[in-house]
Amino acid sequence: MVDHNLIKKISLSFFKGVHCNLKAEEIKKMTWENQDLFLKQTVKTTLFKKYPCHRDFCVRFFKMLIQYLEPEQEVHDDMYTFLCNIMKTSINDFCYRHYVVGNDFNNIITIKETKNMVLNGTTGLKTWEAALMLSDWALCHKETFSNKNVLELGSGVGFTGITIAKLCDITSMIMTDCHSDVLNTINNNIQVNLSDFCLKENIKPNMYTNGDKSIGVMLLDWNDTEELLLPYIPNIVIGADIVYDPSILQPLLNVLLMIHKINNNVDIYIASVIRNQDTFNEFLKDLGILNFELVTIKELLSDNSEDDKPKKKVIKKDINDDKPKRKIIKKQIKKEIQVNDDTDNDINLNREIQELEECNSSFSDAEMLSNFEKITPILAQKFISLINEGCTLPFIARYRKEAVDHLMPDRLQDIYESYQNVLQFKKKVKSVLETLRKSKKLTPEIEQSILKTKNLSELDLVYGPLKSHSVSLAERARNLGLETYAVRALNGEYIDLNSLCDGSEELSSVDKIETHIMHIVADIMYKDARVLQQMRTLKEETRFTLQSSRSKSSTKEKQESDNKKLDNRSDPETYKLYFDWKCPVAFVKCYQTLAVNRGEEEKILSVKVIIPDWFYNRLERFCQTLWRSNHWVNKGLGDAYNRLIKPWLSRQVRSELTNAAQKEAVKTFSTNLEKYLLTEPIKNRNIAGLDPGFKAGCKVGIIDNTGMKLEACNIYPNFHSNNNDPAANQLRNLLKKHRVELIGLGNGTACRETESWLKKHYISDEIPVIIVPEQGASIYSISKEAQKEHPNMDPNLISALSIARRVLDPLGELIKVEPKNLGVGLYQHDIPPKMLESVLDATVEKVVSLVGVDINTASQAMLRRISGLNESRAKKIISYRQDNGSFKTRAEILKVSGIGKITYQQCAGFLKVLGGSEPLDSTIVHPESYSVAKLFAKKIGVNIKDLTKPRFPEEVDRKVATIDHVSMSKDLNTDISTLELIVNAFKQKAYEDNMITFCRPVYSLSVQAPDQLKKGTSLTGVVRNVVPFGCFVDCGVGDNGLIHTSKMGNATLKLGDRVAVTVIATPKPKKLQLKLDNILD
């Protein structure tokens, strides 16, 4: 069923240039039929095809819309087609914007303009806010323009003039500007919107006529107006955003005077956004000098207006003079204004839309990303473009290397995280500006300070004091009327404070007045953009120190009522190292930061940042160069420094340390996770998984060489029996029955006892035993996914099967477990959960994608981790496979419901089809490069059909040894990276994976329990976790032992290394501490 209201809502969002947030019930209504109607109302219209919107916005809008629809609906093919086509187009300086008047799709003003504030040396090539406001006001007062000759000054792209000419019953409209590019754009926009008007030939200026109506476009330079020749005598003059630069005020006034001489009854309407109050005041002052009668219309537009039209408050300024008065109507738009969408004739496009687009422009994003990550702006722009096109990091790392200067996957991940921070920061800036507007606290100065901040911390410095609903000290002083005196005093003018005393409580004494002025001065100084930049520079040069000490509360004796609370905290002795600790910030280790933070959170430690006096002294000298009064600079800066700047510096330093520490911890976690996931599989064997235990017995799970369950049961070993244990016979029979070739023994509770038991009964003499890390197996066994895979099975037995599969197919099994439960991290509980989850998910996706999977055998858990796929798409692939049998080619993936061209592009190279009709489908070569790969094979003289044969890699290796890759890539019309990828794919042996070898851990048989340990004991074990300060080794005695970096010698250990170690400190009362002897083969 067609929902016209919903489609109208989405279509309006598209034309307005804003993203549409759909609710769940709206998504359910977006059937194929409704999607088709939306396309017909927007991108399939003749108007849009002829005058397309900005490429980047279209890409973002349709990507977001498709993301909404894919989980619930079958996405219209034409949506994918449009998205692919628009992504192929190049980005131009100009685009078209469609302004819907009165929400009527039959009433659209289409304007060719740019998103850039300045282009070709002029600001006139974009539609500014005042033009929208003036047009809105004109449409609410059509009678004002009826049968009038209208002259527009500074027309820009012509939006206001064209809107009034098209929708008001005027006689003539003359649009003027001084820039040739602007005039050409106006002519273009007239032809687009007023196609029924005809251009008169051989007439200057350009005149377009339709019956009695005329529209003209003429050059008018305000600085060259010795003689003003106009085609018609104007009754009305309009101008939008023409009062913004002090240098043009006098030329503008000269033009207005000349127009007044032509018609002394002319009405002049000027709409302005007040960006600089001084400039605006100067203009008003000059108007008074020239004897203009001023009528100021202050727009107070509100979303809650009960009237159809915006409320107006008209203030008439009387001039007691006998001279004739010239009349000028000034439409003053303050920053708090919002457009009233209830107005019938309203343009229906408010300032938030433009701010959103300006805040999110790709150029600005690239500039910030370049600054954060120290990369070139061009590289930043390319990266952002790839992300906005829907490319995933694994896809970029493998198939778009040239575009990102061959950056490694880890580096790409860092840049991606910074880009997300940039977007978050810009979104926060927009939110802060909007909040301040609503609370009427936003001044032009504050707005400029906010827009010049470069990170969240700097934003907090400016915004922090304004957050409170209560009035700040500076605002309270301003409300007393002291701001003018404060500004004058700061600039060196003498102010008699006694004369300001008026007997009221707040102004009763000189001291109180001085304090109020000091608060205003402090507010002016710390919000000044120049001061903010200087603080930013000084912060980089200052040597801060981090200091911690034991908090007073942790030393007090707790009452019984507090015992529970104390039990939830760590033992204070854990932080003994930090009870009297001091370290220069530049040398603070990441793990020290996290430890200090945790100690402070548990109220065991008190932490502070020591800021040297050098910072204040340098900042004071700088401020004295900006303002003339050293006295007020000293007082104001002293107040601002103690109340605002110093606390901000401490927060900034602590925040930067914490962010760096969290980033390092996450990086450590992801590096270990990546290596763990790449554990070498032991294939083509029947394997038994043993999950050892005492009272609950030992759980046995047996799988075949494909991972399918053969049998699962419990046995109950008697660890104290020497012979004739029934459990041993039971296990031996099971192993024989299913021809088990390998045993995987979990390294948890009762592991060492079970290992000895297997040896005692000669079971491990017949079948090799591998110790398998079982972290996360028990959590997985009770998950919904495990119950779905093994319905109605005891979770303990599922855990045993999982251990067996970790030997057969580690990657396929480990990805079923939440990464944080695999036990390879550092301080994971001190890291924000979303941050940890995001990075670890990206790591899993990277590993799974770069290893690649066979699409015909991969599980849903594996498929969902492939680049470009998700849970829904993986489910649909499985469903298609069940209904249609195995995939024959990669191209067949496009037949799966919900997978379009973009998704296919992202996932195809990571999904292999073995034994299909296209040999390249079994390689890492992307389908987009098949033609290049086949031509390359032909050039070096190999048959692509032999690709899967054992000798093919050797043959290719021999033939490419003498090839010049640079010249060959030019011959093939491709880049070197693509050619190298093709060569590597041809040289890769069948079924060769990007795996690492994870050696079998060997425990010392003489030591099996912690109480057997003593200083000097020799042990063997395996590295389970690598962290910045060392690594943790599983020696089979309970908790893992720590080898500190100082005890490693010159060795570099990695996950999975087998090592020989010596005990240097026993586990009681602290952790087991080890010294590395050597790395075992």
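Our structure's up above, just so we're on the same page.
Numbering of residues starts from 1 in each chain and follows the order in which that chain's sequence is written. A pLDDT threshold of at least 70 governs which residues receive local features in this predicted model, and a stricter bar of 80 or more applies before side-chain atom pairs are shown or counted, although totals over entire chains, interfaces and linings include all residues. Hydrogens and water are ignored here; the side-chain numbers use all heavy atoms of the structure.

## Quick notes on the overall build of the protein chain
For step 1, the next point in the chain: In terms of helices and strands, the protein chain carries 43 helices and 27 strands.
For step 2, the next point in the chain: Buried, partly exposed and exposed residues are distinguished by accessible area as a fraction of the type maximum, computed with a 1.4 Å probe on protein chains only: under 20%, between the cut-offs, and over 50%, respectively. Relative to its full complement of 1081 residues, the protein chain shows a buried share of 53%.
For step 3, the next point in the chain: Any pair of residues with heavy atoms lying within 4.5 Å of one another is described as a contacting pair. Considering only contacts within the protein chain whose residues lie at least 6 apart along the sequence, 69% involve residues at least 24 apart.
For step 4, the next point in the chain: Reported accessibility uses the Shrake-Rupley method at a 1.4 Å probe radius. Residues are deemed covered only where the shown protein chains occlude them. As displayed, the protein chain has an accessible area near 51,400 Å², and 48% of this comes from carbon and sulfur atoms. Comment: elements are numbered from the N terminus, with helices defined as DSSP H or I runs of at least four residues and strands as E runs of at least two.

## Some details on the nonpolar core
Where a protein is soluble and globular, its nonpolar side chains tend to be buried together.
For step 1, the next point in the chain: One finds Phe383, Leu911, Phe936 and Phe986 to be the most contacted residues of the largest nonpolar core, which totals 105 residues.
For step 2, the next point in the chain: Contact partners of Phe986, with chain neighbours within four places excluded, come to Leu920, Ala933, Phe936, Ala937, Ile944, Leu947, Phe952, Pro953 and Val956.
For step 3, the next point in the chain: Here, the term nonpolar core denotes a set of buried Ala, Val, Leu, Ile, Met, Phe, Trp, Tyr and Cys residues that are joined through side-chain atoms within 4.5 Å. One finds Met518, Leu605, Val609 and Cys623 within the second-largest nonpolar core, a separate group that totals 54 residues.

## A look at the packing of aromatic side chains
For step 1, the next point in the chain: Any Phe, Tyr or Trp ring, taking Trp's six-membered ring, that has another such ring centre within 6.5 Å forms a pair; planes under 30 degrees apart are called stacked, those over 60 apart edge-to-face, and the others tilted. Taken as a whole and assessed by the stated rule, the structure comprises 28 aromatic pairs.
For step 2, the next point in the chain: Geometrically, the ring pair formed by Phe14 and Phe15 is edge-to-face, given 5.9 Å between the ring centres and 65 degrees between the ring planes.
For step 3, the next point in the chain: On the basis of relative accessibility, which here comes to 1%, the residue Phe14 falls in the buried class.
For step 4, the next point in the chain: Assessed through its relative accessible area of 4%, Phe15 is described here as buried.
For step 5, the next point in the chain: Centre to centre, the rings of Phe694 and Phe719 are 5.9 Å apart; their planes meet at 85 degrees, and the pair counts as edge-to-face. Note that Phe694 is positioned in the loop between strand 16 (687–691) and strand 17 (698–703) and Phe719 in the loop between strand 18 (709–715) and helix 29 (726–737), a separation of 25 residues in sequence.
For step 6, the next point in the chain: Using a relative accessible area of 45% as the deciding quantity, one classes Phe694 as partly exposed.
For step 7, the next point in the chain: These aromatic residues form a ring-pair network of at least three members: Phe14, Phe15, Phe38, Phe48, Phe57, Phe61, Phe62, Phe82 and Phe105.
For step 8, the next point in the chain: Only Lys NZ and Arg CZ are tested; either one counts as a charge over a ring when it is within 6 Å of the ring centre and within 35 degrees of the ring normal. Here the guanidinium or amino end of Lys126 rests over the ring plane of Trp128, the centre of that ring lying 4.9 Å away.
For step 9, the next point in the chain: The side chain of Arg530 reaches across the aromatic face of Trp627, ending 5.7 Å from its centre.

## So, the pattern of salt bridges
Pairing between side chains becomes possible if they bear opposite charge and their charged atoms approach one another.
For step 1, the next point in the chain: Salt bridge, as used here, is a side-chain nitrogen of Lys or Arg placed within 4 Å of a carboxyl oxygen of Asp or Glu. In the structure shown here, the tally under the stated rule is 39 salt bridges.
For step 2, the next point in the chain: The shortest N-O distance in the salt bridge between Asp365 and Lys426 comes to 2.7 Å. With Asp365 in helix 14 (residues 362–373) and Lys426 in helix 17 (residues 409–438), the pair connects residues that are 61 residues apart, well separated along the chain.
For step 3, the next point in the chain: Salt-bridge contacts for Lys1075 lead to Asp1077; the nearest nitrogen and oxygen are separated by 3.5 Å.
For step 4, the next point in the chain: Under the relative-accessibility criterion, Lys1075 is labelled partly exposed at 35%.
For step 5, the next point in the chain: Using a relative accessible area of 36% as the deciding quantity, one classes Asp1077 as partly exposed.
For step 6, the next point in the chain: One salt-bridge network, held together by shared partners, links Asp36, Lys40, Lys44 and Asp78.

## Things to note about the sheet that holds strand 15 (residues 605–610)
Sheet strands pair via backbone hydrogen bonds, and the direction of the pair is either parallel or antiparallel.
For step 1, the next point in the chain: Paired strands, as defined in this entry, are two strands with at least two bridges between them according to DSSP. What the three strands build is an open sheet, ordered 14-13-15; its pairing is antiparallel. Edge positions in the sheet fall to strand 14 (580–584) and strand 15, since each has one partner strand and no second. Across this sheet, the average inter-strand angle for adjacent strands is 15 degrees, counted without regard to direction.
For step 2, the next point in the chain: With six bridges joining them, strand 13 (residues 545–550) and strand 15 adopt antiparallel strand pairing. Bridging from a neighbouring strand, Ser548 pairs with Val607 of strand 15. Note on method: axes are straight lines fitted to C-alpha atoms, helices fitted across the in-contact stretch only, with angles between N-to-C directions ranging 0 to 180 degrees.

## Considerations on the packing of helix 1 (residues 4–16) against helix 3 (residues 32–41)
For step 1, the next point in the chain: Where helix 1 meets helix 3, the closest approach of the two axes is 10 Å, and the angle between their N-to-C directions is 40 degrees. On the basis of the axis angle, helix 1 is oblique to helix 3. Note that helix 1 runs across helix 3; the crossing there is right-handed. Residue-level inspection shows His4, Ile7, Lys8, Ile10, Ser11, Phe14 and Phe15 of helix 1 in contact with helix 3, the latter providing Asn34, Leu37, Phe38 and Gln41.
For step 2, the next point in the chain: Split by residue class, the contact of helix 1 with helix 3 holds six nonpolar, four polar and one charged. If an angle is under 35 degrees, it is roughly parallel; if it is over 145, roughly antiparallel; if it lies from 65 to 115, roughly perpendicular; otherwise it is oblique. In this scheme the crossing of two helices becomes right-handed for a clockwise turn of the near helix relative to the far one and left-handed for an anticlockwise turn of less than a right angle. Gly is put with the polar residues, along with every residue not named as nonpolar or charged; the nonpolar set is Ala, Val, Leu, Ile, Met, Phe, Trp, Tyr, Cys and Pro, and the charged set is Asp, Glu, Lys and Arg.

## Some remarks on the environment of Leu65
For step 1, the next point in the chain: Along the chain, Leu65 turns up in helix 5 (residues 55–69).
For step 2, the next point in the chain: By relative accessible area, which is 4% here, Leu65 ends up buried.
For step 3, the next point in the chain: Those residues in contact with Leu65, other than ones at most four positions away along the chain, are Leu22, Phe38 and Met79.

## Here's the deal with the side chain of Arg881
For step 1, the next point in the chain: Inspection of the secondary structure assignment puts Arg881 in helix 38 (residues 871–884).
For step 2, the next point in the chain: Asp854 is the oppositely charged side chain nearest to the buried, salt-bridge-free Arg881, at an N-O distance of 6.8 Å.
For step 3, the next point in the chain: Here a polar contact is recorded for every N or O atom pair within 3.5 Å, except that within protein the pair must consist of a potential hydrogen donor and a potential acceptor, and residues adjacent in sequence are included only if both atoms are side-chain atoms. Within the local environment of Arg881, its side chain forms a polar contact with the backbone oxygen of Ile855, the two atoms lying 2.5 Å apart.
For step 4, the next point in the chain: Reaching out from Arg881, the side chain makes a polar contact with the backbone oxygen of Ala858 at a distance of 3.1 Å.
For step 5, the next point in the chain: Non-local contacts of Arg881, meaning those with residues more than four positions away in its chain, are made with Ile855, Asn856, Thr857, Ala858, Leu863, Ser886 and Phe887. Within this scheme the basic residues Lys and Arg register as positive and the acidic residues Asp and Glu register as negative, but His and the chain ends are omitted.

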